[in-house]
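An overview of the molecular structure
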Amino acid sequence: TTIQALKNTVLKSHGRPPWYGEDGQPISDAFLIGIAGGSASGKTHVARQIVQSLGSIPTVVILSQDSFYKRHTPEEVALAMDNKYDFDHPSALDMPMFAQCLMDLKKCRQTNVPVYSFTEHQRLDETQYLYGAAIVIAEGIMALQDPALRALYDLKIFVQCDSDLMLARRIRRDVKERGRSVDGILDQYLRYVKPAYDNFVFPTSRYADIIVPGSDNHVAIELISTHIRRQLHERARRFRPKMVSRRPTGLSP
Ligand code: ADP
Ligand code: C5P
């Protein structure tokens, strides 16, 4: 409720965008965007750039599929520490839970998202509370994998990047942020990451509405955010007459 109060204050002070009702709630389902692409292709970067390009209003949440890795047994964690656990197969992810969170957010309902530790290779006990937003961006290597997921999205994006650039970025990131060694990263890449990219990830690019380059993508981001704004305005135009017709007769509009 504190968040809602804050949102109402922001909406009052900045004026209400057309896709919000008078109560400060979005007037239709959230606009759902799915972003897939290889590991370190730049999915998170694209998601953040879209948010930046849209400005502070409308409200946007980014949901990372990385949060939905399954809880692992001690034996699986030991394998993972030795780079011998396959995190790049679709079965490593809790897809039903990911789909449920997306459905909740699409209906502008609050949801709890698991928190995953890449250094411990484990889902933590805490969860992250997410409040409904007008736009939800879901990103992950398998974001376009499941037909049920694809049916939920209003816009599907694939970030395409050369494999050598993805590998270079992954080495740099995993050493700095995920506590890995270069040797370990290369073992895991050759054993699981590269084959999974070729077999599972890249083939889903055919479902994308738009393919975005993994670098120098400012123009693509601008085109995408213009499209999103137009879609939200269009929805507001479609939904608003219904809201007005619900007013009791005799009141001025
Ligand atoms: P993903 O979410 O696909 O795993 P990230 O968005 O985290 O990938 O990007 C991986 C790394 O590549 C990060 O260090 C990020 O700063 C860098 N990166 C991503 N996109 C770009 C870009 N367009 N230009 C320059 N560097 C980028
Ligand atoms: O953020 P990004 O899209 O790169 O995350 C997906 C990658 O995370 C997968 O390619 C998988 O190999 C890696 N991963 C990992 N260790 C884990 C879980 C996932 O290296 N414990």
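Conventions we followed
- Residues numbered from 1 in each chain as written.
- Chains lettered and ligands numbered in written order.
- Predicted model: local features only at pLDDT ≥ 70, side-chain atom pairs only at ≥ 80, totals over all residues.
- Heavy atoms only, no water.
- Near = heavy atom within 4 Å.
- Polar contact = N/O pair within 3.5 Å; in protein donor to acceptor, adjacent residues only side chain to side chain.
- Areas by Shrake-Rupley, 256 points an atom, 1.4 Å probe, with all protein chains shown as cover.
- Helix = DSSP H or I, 4+ residues; strand = E, 2+ residues; numbered from the N terminus.
- Nonpolar A, V, L, I, M, F, W, Y, C, P; charged D, E, K, R; others polar.
- Pairing = 2+ DSSP bridges.
- Axes fitted to C-alpha atoms, helices over the stretch in contact; angles between N-to-C directions.
- Contact = heavy atoms within 4.5 Å.
- 1 Å grid on protein atoms, 1.4 Å probe; cavity = no way out; pocket = protein on both sides within 12 Å on 5 of 7 lines; lining within 4 Å.
- Points joined across faces, edges and corners; volume = space filled by probe spheres on them.
- Buried < 20%, exposed > 50% of the residue type's maximum accessible area, 1.4 Å probe, protein only.
- Sits in = over half its atoms within 2 Å of the grid points.
- Salt bridge = Lys/Arg side-chain N within 4 Å of Asp/Glu carboxyl O.

The next point concerns the site of ligand 1. Surrounding ligand 1, one finds Gly 38, Ala 40, Ser 41, Gly 42, Lys 43, Thr 44, His 45, Arg 169, Arg 173, Gly 214, Ser 215 and Asn 217. At a separation of 2.9 Å, an oxygen atom of ligand 1 approaches a polar backbone atom of Ala 40. In this structure, Lys 43 approaches ligand 1 through a side-chain N or O atom, which is 2.8 Å from an oxygen atom. Coverage of ligand 1 by the protein amounts to 68% of the 560 Å² it exposes when considered alone. Looking at the shell around ligand 1, the elements with two or more residues in it are helix H2 (43-54) and helix H6 (163-177). The element that contributes the greatest number of residues to the shell around ligand 1 is H2, accounting for 3 residues. Per-class residue counts for the shell around ligand 1 are 1 nonpolar, 8 polar and 3 charged.

A few words on the sheet that holds strand E1 (residues 31-37). Pairing within the open sheet is parallel, and its 5 strands lie in the order E2-E5-E1-E6-E7. Two strands close off the open sheet at either side, each with one partner strand: strand E2 (60-64) and strand E7 (210-213). Between one strand and the next, the sheet's axes are offset by a mean angle of 25°, whatever the strand orientation. Here strand E6 (residues 155-160) runs beside E7; their pairing, made up of 4 bridges, is parallel. Following the sheet pairing, Gln 160 is matched in E7 by Pro 213. Its contacts with the sheet place helix H4 (residues 95-106) against E1, E2 and strand E5 (135-139), and it is angled at close to 175° to E2.

Estimates place the volume of the largest pocket at around 810 Å³. Together, 32 residues line the largest pocket, and Ser 39, Ala 40, Thr 44, Arg 173 and Arg 178 are the ones closest to its centre. If you list the elements that add at least two residues to the lining of the largest pocket, you get H2 and H6. Of all the elements, H6 adds the most residues to the lining of the largest pocket, at 8 residues.

Here we take up the environment of Pro 195. Note that Pro 195 resides in helix H7 (residues 182-201). The class of Pro 195 is partly exposed, set by a relative accessible area of 29%. Sequence separation between Pro 195 and His 89 is 106 residues, and the spatial gap between their C-alpha atoms is 9.7 Å. Setting aside its immediate chain neighbours within four residues, Pro 195 contacts Tyr 189 and Leu 190.

The next subject is the site of ligand 2. As a matter of local geometry, ligand 2 sits amid 17 residues, with Ser 39, Asp 88, Tyr 116, His 121 and Arg 170 nearest to it. A distance of 2.8 Å is found between an oxygen atom of ligand 2 and a side-chain nitrogen or oxygen belonging to Arg 170. One nitrogen or oxygen atom from the side chain of Arg 173 is found 2.9 Å from an oxygen atom belonging to ligand 2. Its atoms largely coinciding with the cavity grid, ligand 2 occupies the largest pocket.

With that settled, consider the pattern of salt bridges. One pass over the full model with this rule turns up 13 salt bridges. Three or more residues joined by partner-sharing salt bridges are found here, namely Asp 66, Arg 170, Arg 173, Asp 174 and Arg 178.

These figures come from the coordinates and say nothing about function on their own.
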